[in-house]
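Structural overview for review
The lines below spell out each chain.
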Amino acid sequence: MNLLRKYYYGDIPEDKTGAVPPASASGHDWPLWEVFIRSKNGLEHKHAGSLHAADAKMAIENARDVYTRRMEGISIWVVESKYITATNPEEAGELYEPAVDKIYRHPTFYELPDEVNHM
Amino acid sequence: MPVVDPDQLFQDKIDNEIKIEPKDQMPDAYRKTNIRQISQHAHSEIVGMLPEGNWISRAPSLKRKAILLAKVQDEGGHGLYLYSAAETLGMSREEMINDLHSGKAKYSSIFNYPTLSWADIGAIGWLVDGAAIMNQVMLTRTSYGPYARAMVRICKEESFHQRQGFDALLVLSRGTKEQRDMCQDAINRWWWPALMMFGPRDTESTNSDQSMKWKIKRKSNDELRQNFIDMIAEQIKTLGMHLPDPDLKWNEERKHYDFGEINWDEFWQVVKGNGPCNKQRLDARRKAWEEGEWVREAAIEYAKKRLTS
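Going along each chain's sequence as written, the residues are numbered from 1 onward. Each chain gets a letter, beginning with A, and each ligand a number, beginning with 1, in the order they are written. Since the coordinates come from a predicted model, pLDDT governs what is reported: local features require at least 70, and pairs of side-chain atoms require 80 or more to be given and counted, while whole-chain, interface and lining totals use all residues. The basis for every side-chain value is the complete set of heavy atoms in the structure, and neither hydrogens nor water enter the calculation.

The next thing to look at is the overall build of chain A. Secondary structure elements are taken from DSSP: a helix is a run of H or I of four residues or more, a strand is a run of E of two residues or more, and numbering for both begins at the N terminus. If you tally the helices and strands in chain A, you get 2 helices and 3 strands. Listed by position from the N terminus, the elements making up chain A come as β-β-α-β-α. Sorting the 119 residues of chain A into buried and exposed places 28% on the buried side. Working rule for contacts: check all heavy atoms of both residues, and any pair within 4.5 Å makes them a contact. Across chain A, contacts joining residues at least 24 apart in sequence account for 41% of those joining residues at least 6 apart. The accessible surface values rely on the Shrake-Rupley method and a 1.4 Å probe; as for residues, cover is taken only from the protein chains in view. Only carbon and sulfur atoms are counted for the fraction: they give 55% of the accessible area of chain A, which is about 8500 Å². Under the scheme applied here, a residue whose accessible area is under 20% of the maximum for its type counts as buried, over 50% as exposed, and between as partly exposed, the area being computed with a 1.4 Å probe on protein chains only.

Next up, the structure:
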């Protein structure tokens, strides 16, 4: 396929370059951590991104430098990414579709007389 | 049951402006294009720290030094957001860095030009970051979720980069004759390379616009370049300087500025590795990586030891 050869800004095709083959990589990266940040008291911690660090202390320190350079946070959680259990997109149907036809769970389902404003 | 073509299903999501997330099904070429583009973007941020790093110890005042330090630190951060986004597509950080060091992966050619005077720092902020912002604002709406989110964060921070650059040039433009000459000289040297950042003219690319169809990109090189020229041609009036292009002229009919021909030979030479600083930049990256190896190893050994003791 020729799909990859168009040269866009920031996407330089590899075949124009005469590169040498890269050394193979074999798992020397530090573990990956997910970073959650509370922007101020009263708000929940929210996923900010991820980073690599050797241990939890370094993950916190790196998260401070990478994700809170502009006072974005006052509290940081980090968790090693491998400990997160997540749903798969293929399970979306069985997990979330049962909620679709239960519109009576929303207040807008009920049409009440005008006199009972603000209920 | 009708047969559903996964590629068509994918295209329908794109057409309906549904973002693609890491675990979603995606065509292999979509994954590869994004990995290549996001990692190149990350490499550009990291290599982009080098030309400016050259002036941190030479900044003309403590204020400018603090600003420049903050900007270069941002660029390191931007590189990290982007590497993380690319990793969600299944390529390891180590592979990406190896590809940069081997020359397989590219970075923006603009960083292969030298920073000869203090005014270059202003010109980089105003012109180079200004050009990058054109691309990055578009990419906040790119179809791959993690890339789009990284771009939102980056764009918020990048606006300071461009403003501080213009601010530094403004001071020079109101200074002595020497300072004004230095300002004009930096603009003269950075203008054409900044225009080259947008890549070849649209007519040069004969292949299908797959990146547009997948909404990885939403504007063409020429469109972005024209927007940039229109913006800069107005802003430079405030500086009382001029752009080094005798053909630059407002075209009332097009409602855009016309401009002269870019030196595409130079562009391809720099892309192929023959720019003024290609070797120096890659050598600096490799050196940093190699000299940091013992730190990377020591940190992981220390972490293991603490876990078991």
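On to the overall build of chain B, then. A tally of regular secondary structure across chain B gives 13 helices and 2 strands. Taken over C-alpha atoms, the radius of gyration is set against a globule rule of 2.2 Å times the number of residues to the power 0.38. Compactness check: chain B gives a C-alpha radius of gyration of 21 Å against a globular reference of 19 Å for 309 residues, within 12% of the reference. Seen along its three principal axes, the alpha-carbon backbone of chain B occupies a region of about 70 × 60 × 35 Å. Residue burial in chain B is summarised as follows: out of 309 residues, 55% are buried. Within chain B, residue pairs in contact and separated by at least 24 positions form 77% of the contacts whose partners lie at least 6 positions apart. With the model as given, the accessible surface of chain B reaches about 14400 Å², and the carbon-plus-sulfur share is 55%.

Take the sheet that holds strand β1 (residues 32-38) of chain A next. All names here are of chain A. Pairing between strands requires that DSSP locate at least two bridges from one strand to the other. The sheet built from 3 strands is open, its strands ordered β2-β1-β3 with antiparallel pairing. Each end of this open sheet is capped by a strand with a single partner; those strands are β2 (45-52) and β3 (75-80). This sheet shows a mean twist of 25° between the axes of neighbouring strands, independent of strand direction. With 7 bridges joining them, β1 and β2 adopt antiparallel strand pairing. Each residue of the ladder has a partner; that of F36, found in β2, is H47. Every angle, taken between N-to-C directions, lies between 0 and 180 degrees, and every axis is a line fitted to C-alpha atoms, over only the stretch in contact when it is a helix.

A word on a nonpolar patch on the surface. Residues forming no salt bridge and having over 30% relative accessible area are the ones grouped into patches, like charges within 9 Å of each other and nonpolar side chains (Val, Leu, Ile, Met, Phe, Trp, Tyr) within 5 Å. Salt-bridge detection follows one rule: a side-chain nitrogen of Lys or Arg within 4 Å of a carboxyl oxygen of Asp or Glu. A surface patch of nonpolar side chains, about 760 Å² in accessible area, is lined by A:I103, A:Y104, A:F109, A:Y110, A:L112, A:V116 and A:M119. Here A:L112 lies in the segment after α2 (92-96).

Let us look at the confidence of the model for chain A. Residue and element names in this part refer to chain A. What pLDDT conveys is the predictor's confidence in a given residue, as a value from 0 to 100. Scored by pLDDT, chain A has a mean of 84; 79% of the residues are at 70 or more. The least confident element of chain A, judged by mean pLDDT, is α2 at 89; the most confident is β3 at 97. Low pLDDT (under 50) marks residues 1-5, which in the prediction has 14 contacts with non-local residues, meaning those over four places away or in another chain.

Before going further, it helps to spend a moment on the nonpolar core. The criterion is simple. A nonpolar core is a set of buried Ala, Val, Leu, Ile, Met, Phe, Trp, Tyr and Cys residues joined through side-chain atoms within 4.5 Å. Counting residues in each nonpolar core, the largest one holds 98 residues, and the members touching the most others are B:Y30, B:W126, B:I187, B:W190, B:W191 and B:F228. Excluding anything up to four places from it in sequence, B:I187 contacts B:W126, B:L127, B:L169, B:I236, B:L239, B:M241, B:H242, B:L243 and B:P244.

This next bit is on the packing of helix α4 (residues 62-87) of chain B against helix α5 (residues 93-102) of chain B. For any two helices packed against each other, one specifies the inter-axial angle together with the distance between the axes. All names here are of chain B. α5 packs onto α4 with a crossing angle of 115° between their chain directions and a minimal axis gap of 9 Å. It follows from the interaxial angle that α4 and α5 lie roughly perpendicular. When you trace α4 past α5, the crossing you get is right-handed. Between α4 and α5, the contacting residues are L80, Y83, S84, A86 and E87 on the first element and R93, M96 and I97 on the second. Each residue belonging to the contact of α4 with α5 can be placed in one class, and the counts come to 5 nonpolar, 1 polar and 2 charged. Angles are sorted into four bins: roughly parallel if under 35 degrees, roughly antiparallel if over 145, roughly perpendicular if 65 to 115, and oblique for all others. Two helices that cross are described as forming a left-handed crossing if the nearer one is turned anticlockwise from the farther one by less than a right angle, and a right-handed crossing if clockwise. Three residue categories are used. Nonpolar comprises Ala, Val, Leu, Ile, Met, Phe, Trp, Tyr, Cys and Pro, charged comprises Asp, Glu, Lys and Arg, and polar comprises the others, including Gly.

Turning our attention to the packing of helix α2 (residues 28-47) of chain B against helix α7 (residues 145-173) of chain B. Residue and element names in this part refer to chain B. For the pair α2 and α7, the least separation of the axes is 12 Å and the interaxial angle reads 25°. Taken as axis vectors, α2 and α7 run roughly parallel relative to one another. Read as a crossing pair, α2 and α7 show a hand that is left-handed. Of α7, the residues touching α2 (which contributes N34, Q37, I38, H41 and E45) are Y147, M151 and E158.

Below, the discussion takes up the pattern of salt bridges. Applying the stated rule across the entire model yields 32 salt bridges over all chains. Linking B:E52 and B:K71 is a salt bridge whose minimum nitrogen-to-oxygen distance equals 2.5 Å. Of the two residues, B:E52 is situated in helix α3 (residues 49-53) and B:K71 in helix α4; the sequence distance between them amounts to 19 residues. With respect to class, B:E52 is no different from B:K71; both count as buried. One salt bridge connects B:D283 with B:K279, and the closest N-O pair in it is separated by 2.6 Å. Of this pair, B:D283 and B:K279 both sit in helix α12 (residues 278-291), 4 residues apart, which is roughly one turn of the helix. One salt-bridge network, held together by shared partners, links A:R69, A:R70, B:D74 and B:E157.

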